[in-house]
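# Architecture at a glance
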There are 2 protein chains.
Amino acid sequence: MAKKSLAIDAMGGDMGPSEIVEGVKLSIDNWQSLEELILVGDENILNPLLKTAKLRNNPKIRVLHASEVIGMDEKPIQSLKKKKDSSMVRALELVKDGEASGILSCGNTGSLMAGGTIKIRPLEGVDRPALAAVMPGRDGHFVLVDVGANPTSEPLNIVHNAVLGSNYARVTLGIEKPRVGLLTIGIEEGKGNEVVNESHKLLKGLQGTIQYEGLIEGFQLFDNAVDVIVCDGFVGNVLLKSSEGLFNMIKDLLKEEMMQGMVRKVGAVMTKGAFTSMKSKLSPERFGGAPLLGLKGHVFKAHGSSNRHSIASGIRVALDLIHCEMLEQVKLDIKSVNEIIKN
Amino acid sequence: MAKKSLAIDAMGGDMGPSEIVEGVKLSIDNWQSLEELILVGDENILNPLLKTAKLRNNPKIRVLHASEVIGMDEKPIQSLKKKKDSSMVRALELVKDGEASGILSCGNTGSLMAGGTIKIRPLEGVDRPALAAVMPGRDGHFVLVDVGANPTSEPLNIVHNAVLGSNYARVTLGIEKPRVGLLTIGIEEGKGNEVVNESHKLLKGLQGTIQYEGLIEGFQLFDNAVDVIVCDGFVGNVLLKSSEGLFNMIKDLLKEEMMQGMVRKVGAVMTKGAFTSMKSKLSPERFGGAPLLGLKGHVFKAHGSSNRHSIASGIRVALDLIHCEMLEQVKLDIKSVNEIIKN
């Protein structure tokens, strides 16, 4: 089994390595179960940053030199082939070789997903990895999976999303038996599309392995009727991004309206706490990113524009996944559902 | 050509025929170009309601008796077969027979879509009708199509959605050359799924017929980058419903937060206007529902829970579509894009 260590692609992302080092520092309280944190990137940049952050002599931190960086707009497969000494490729190889059990990166999403799949490889019995996101609901958070790894999913992929999402919800939301719902466009059976209808049949046969609650509609998405919502990567990606777009629009329009006239401006000051409280309830920042689930190692994608706090959250979640040995349970569950479906 | 008249399924919906009659009354200012408004339903119920509303002797109103009502939860095809004397079936037949050029109903959506397709029939060259919705954006409204009629769309259906949506946006939003965007999960070409990639190719070849602006992502959905967004009916339906769910959640959470403590309560009163103004900007009520586009007559679905104001808006939009002879332009455009694609 791989060491309980985490490789960090220290060069990826919009904010640069100094923000990543600050995020590493903020996460220090969560390192109890960690054996090693490996910062991968240009040592001429990283060592001085670590020194400034007073982390240079921390026994749990190691720097692995990598001379190249994959840019945010490079093409996934080409970037991986061309930049073999990039921080991302080197970090992926640490996981592949068992020197680290997971990687965290805020770099190029496509490169990380392709690199994770090609280098770390899917778990036995899993065809396609899936990207999971934690979303805010009325009474707490839920997991949406897949949010973009696999835009054309087969029913078996959707079933695996349910297994992967359940395990992720268990570890990251602390729910022992997460309830799973399948996203569709009308809860009457037969109203979705072929993939949904077939997935629904398969999921119904898995009671006991997965806590399947049935079909759910878009209306119910934020009502916490279930803890895990499964869908294909196209629908999930559109949902994730459009929800963020809608949230930002409402926030901005309301802000504009609140600044119209003196009375509203004063009222805005008096109600500021309400907005702050709502924003912190709905902000996904405390989950710091999205894991690519279904691989032989942990691959954790933090947002490209992550600040130090998001990076610290990402490290915390990644360490939770490593610490709980989630992969062991996923392997058992995948084996079990694949056997039920075959028979 | 059919008469410029509108058939109204006066028995469908959650609020009952009295609310529909009140909606009819509120819409009276929009009747200039209308030849006849045919209220279809139980005459023993409708005539007294019309009398109370002082519409009994209006020369533009006619009642057509129908003894049955299709319930909101009945199965589409079965309900149409079983209840031949229902208000919805009778109203659909008025359009089929050319006695009315359109139907408005707040009844069972599935029955109306199936009934519209079976009885009124698609326009020549259109395989699948599409449901369109007007959605609020930062700087105005946009049309999303398909929001649920056709959950498994082929590329040609998506192209037709662009034609149908453009014509609807032209009439209902008053935009002469609506810009069209294709919803995907990453604006780099090749990142979507097969249907999206093939649709993108086809749409690019139609410049001049359609104002195609290219791919758009979920993030941009509410930014009014385009006036018409096309997608398959599964994605569109999930988007429409989840946006409503998210909007309601934000509204409710904020309301709760605003009631915490005396200072916030006073602030809430002072900022009430900001909320009212934002809600009215974002409310889809003034479009009163969604048309099923691509048929030989106008089929307009109002929300099941429509109140009199929504019904009046629905009638206004339906009359706009009839008045502008939108179908004539749609026929020309469909013919033109089908010819380009064939060659």
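The structure under discussion appears in the preceding block.
This section reports on the structure supplied with the text. (Residues numbered from 1 in each chain as written. Chains lettered and ligands numbered in written order. Predicted model: local features only at pLDDT ≥ 70, side-chain atom pairs only at ≥ 80, totals over all residues. Heavy atoms only, no water.)

### Remarks on the overall build of chain A
What counts here: A run of H or I in DSSP counts as a helix once it spans at least four residues, and a run of E counts as a strand once it spans at least two, with each numbered from the N terminus. Note on exposure labels: buried denotes an accessible area under 20% of the residue type's maximum, exposed denotes more than 50%, and partly exposed covers the range between, all computed with a 1.4 Å probe on protein chains only. Here, two residues are considered to be in contact whenever any of their heavy atoms come within 4.5 Å of each other. Computed by Shrake-Rupley with a 1.4 Å probe, the accessible areas treat only the displayed protein chains as cover when residues are assessed. In summary, the charge assignment counts Lys and Arg as positive and Asp and Glu as negative, without counting His or the chain termini. Lys charges are placed at NZ, Arg charges at CZ, Asp charges at CG and Glu charges at CD.
A tally of regular secondary structure across chain A gives 12 helices and 11 strands. When its C-alpha atoms are laid out on the principal axes, chain A stretches across 70 × 60 × 35 Å. Across the 343 residues in chain A, those meeting the buried criterion constitute 57%. Long-range contacts, defined here as pairs at least 24 residues apart, represent 74% of the contacts in chain A between residues at least 6 apart. Counting every atom, chain A has about 14,200 Å² of accessible surface; 50% of that belongs to carbon and sulfur. One way to put it: in chain A the 41 positive side-chain charges average out to a point 4 Å from where the 41 negative ones average out.

### Here we look at the interface of chain A and chain B
Accessible area lost during the coming together of the parts is what is often quoted as the interface size. Put simply, the rule is: Note: buried area is the sum, over both parts, of the accessible area (probe 1.4 Å) each one loses when the two are combined. We count a salt bridge whenever a side-chain nitrogen from Lys or Arg sits within 4 Å of a carboxyl oxygen from Asp or Glu. The definition of a polar contact used here is a pair of N or O atoms within 3.5 Å, where within protein one atom must be able to donate a hydrogen and the other to accept one, and adjacent residues in sequence count solely through side-chain atom pairs. Amino acid classes used here: Ala, Val, Leu, Ile, Met, Phe, Trp, Tyr, Cys and Pro are nonpolar; Asp, Glu, Lys and Arg are charged; the rest, including Gly, are polar.
Across the contact, 54 residues belong to chain A and 53 residues belong to chain B. Counting the surface lost from both chain A and chain B, the interface buries some 4,900 Å², and carbon and sulfur atoms represent 75% of this. Between Glu217 of chain A and Lys241 of chain B there is a salt bridge; the shortest N-O distance is 2.2 Å. Viewed at the interface, chain B and chain A are joined by 10 residue pairs in polar contact (both at pLDDT 80 or more). For the side of chain A that touches chain B, the elements supplying multiple residues, two or more each, are β5 (130-137), β7 (179-184), α8 (233-258), α9 (262-270) and α10 (272-282) of chain A. With 22 residues, α8 of chain A is the largest single contributor of residues to the side of chain A that touches chain B. A breakdown of the residues in the side of chain A that touches chain B according to their chemical character gives 27 nonpolar, 17 polar and 10 charged.

### With respect to the pairing of strand β4 (residues 102-105) of chain B
Residue and element names in this part refer to chain B. To keep it simple, the criterion reads: Two strands pair under a simple rule: DSSP has to find at least two bridges between them.
Because side chains alternate across β4, one face comprises the buried residues Gly102 and Leu104, and the other comprises Ile103 and Ser105, equally buried. With 4 bridges joining them, β4 and strand β11 (residues 298-301) adopt parallel strand pairing. Bridge assignment links Gly102 to a residue of β11, and that residue is His298.

### A closer look at a positive patch on the surface
To keep it simple, the criterion reads: Without a salt bridge and with relative accessible area above 30%, a residue can belong to a patch; like charges are then joined within 9 Å and nonpolar side chains (Val, Leu, Ile, Met, Phe, Trp, Tyr) within 5 Å.
Together, Lys251, Lys255, Lys272 and Lys279 of chain A make up a region of like positive charge exposed at the surface. Going through the elements one at a time, α8 and α10 of chain A are the ones with two or more residues in the positive patch.

### With respect to the relation of the copies chain A and chain B
Let me state the cut-off plainly: Alignment of copies: least-squares fit on C-alpha atoms of residues with pLDDT of at least 70 in both copies.
Take chain A, turn it by 180°, move it 0.0 Å along the axis, and it overlays chain B with an RMSD of 0.0 Å. Both copies are brought into coincidence by an operation consistent with a two-fold rotation axis. Among all residues of chain A, the minimum C-alpha distance to the rotation axis is found for Gly267 of chain A, at 2.0 Å. With an isologous cut-off of 70% or more, the 98% of interface residues of chain A that recur at the interface of chain B puts this contact in the isologous class.

### Side note on the pattern of salt bridges
Residue and element names in this part refer to chain A. Evaluated as defined, the whole model comprises 32 salt bridges over all chains. For the salt bridge of Glu99 with Arg62, the shortest nitrogen-to-oxygen distance reads 3.1 Å. In this pair, Glu99 is assigned in the loop between α4 (87-96) and β4 (102-105) and Arg62 in strand β3 (residues 61-65), connecting sequence segments 37 residues apart. Glu99 gets classed as partly exposed once you look at its relative accessible area, which sits at 35%. You can call Arg62 partly exposed: its relative accessible area is 27%. The salt bridge partner of Arg138 is Asp223, with a shortest N-O separation of 3.0 Å. Pair noted here: Arg138 is in the loop between β5 and β6 (140-145) and Asp223 is in the loop between β8 (211-217) and β9 (228-230), with a separation of 85 residues, a long-range link. Several salt bridges converge on common partners, so that one network encompasses Asp85, Arg90, Glu93 and Lys119.

### Here we look at the packing of aromatic side chains
Quick note on the threshold: Pairing of aromatic rings covers Phe, Tyr and the six-membered ring of Trp, with a centre-to-centre limit of 6.5 Å; geometry is then stacked below 30 degrees between planes, edge-to-face above 60, and tilted otherwise.
Across all of its chains, the model carries 3 aromatic pairs over all chains by this definition. The interplanar angle of 70° and the centroid separation of 6.1 Å between the aromatic rings of Phe142 of chain A and Phe222 of chain A together place this pair among those described as edge-to-face. On the criterion of sequence distance, the pair formed by Phe142 of chain A in strand β6 and Phe222 of chain A in the loop between β8 and β9 is long-range, its members being 80 residues apart. By relative accessible area, Phe222 of chain A is classed as buried at 2%. Taking 6.4 Å as the distance between ring centres and 25° as the angle between the ring planes, the aromatic pair formed by Phe275 of chain A and Phe275 of chain B counts as stacked. A residue pair is termed interchain when its members come from two chains, as with Phe275 of chain A in helix α10 and Phe275 of chain B in helix α10 (residues 272-282). The pair Phe275 of chain A / Phe275 of chain B is uniform in exposure class, with both members buried.

### Thoughts on the packing of helix α6 (residues 155-173) of chain B against helix α11 (residues 308-323) of chain B
Residues and elements named next belong to chain B. Test applied: For helices, the fitted line uses only the C-alpha atoms of the stretch in contact; every axis is such a line through C-alpha atoms, and the angle between N-to-C directions lies from 0 to 180 degrees. Oblique is the label for any angle not covered by the other classes, which are roughly parallel (under 35 degrees), roughly antiparallel (over 145) and roughly perpendicular (65 to 115). Here a crossing is called left-handed whenever its near helix is offset anticlockwise from the far helix by less than a right angle, and right-handed whenever the offset is clockwise.
With their axes 9 Å apart at the nearest point, α6 and α11 run at an angle of 115° to one another. By the angle between their axes, α6 is roughly perpendicular relative to α11. You can see that α6 and α11 cross each other, and the crossing is right-handed. Mapping the contact onto sequence places Tyr168, Val171 and Thr172 in α6 and Val317, Asp320 and Leu321 in α11.

### A closer look at the packing of α8 of chain A against α10 of chain A
All names here are of chain A. Closest axis-to-axis distance for the α8/α10 pair is 13 Å, and the angle between their directions is 175°. One finds that α8 runs roughly antiparallel with respect to α10. Touching Phe247, Lys251, Leu254 and Met258 of α8 are Phe275, Met278, Lys279 and Leu282, all from α10. A class-by-class count of the residues in the contact of α8 with α10 yields 6 nonpolar, no polar and 2 charged.

### As for the sheet that holds strand β5 (residues 130-137) of chain B
All names here are of chain B. Reading across the sheet, the 11 strands line up as β3-β2-β1-β4-β11-β10-β5-β6-β9-β7-β8 and stay open at both edges, with mixed pairing between neighbours. Looking along the sheet, the strands with just one partner apiece sit at the ends: β3 (61-65) and β8 (211-217). Geometrically, the sheet is characterised by an average inter-axis angle of 25° between neighbouring strands, direction not taken into account. Alignment of strand β7 (residues 179-184) against β8, held across 6 bridges, turns out to be parallel. Opposite Leu182, over in β8, you have Leu215 as the bridge partner. Each of β5, β6 (140-145), β7, β9 (228-230), β10 (290-293) and β11 touches α6; the most contacted strand, β6, lies at about 150° to it.

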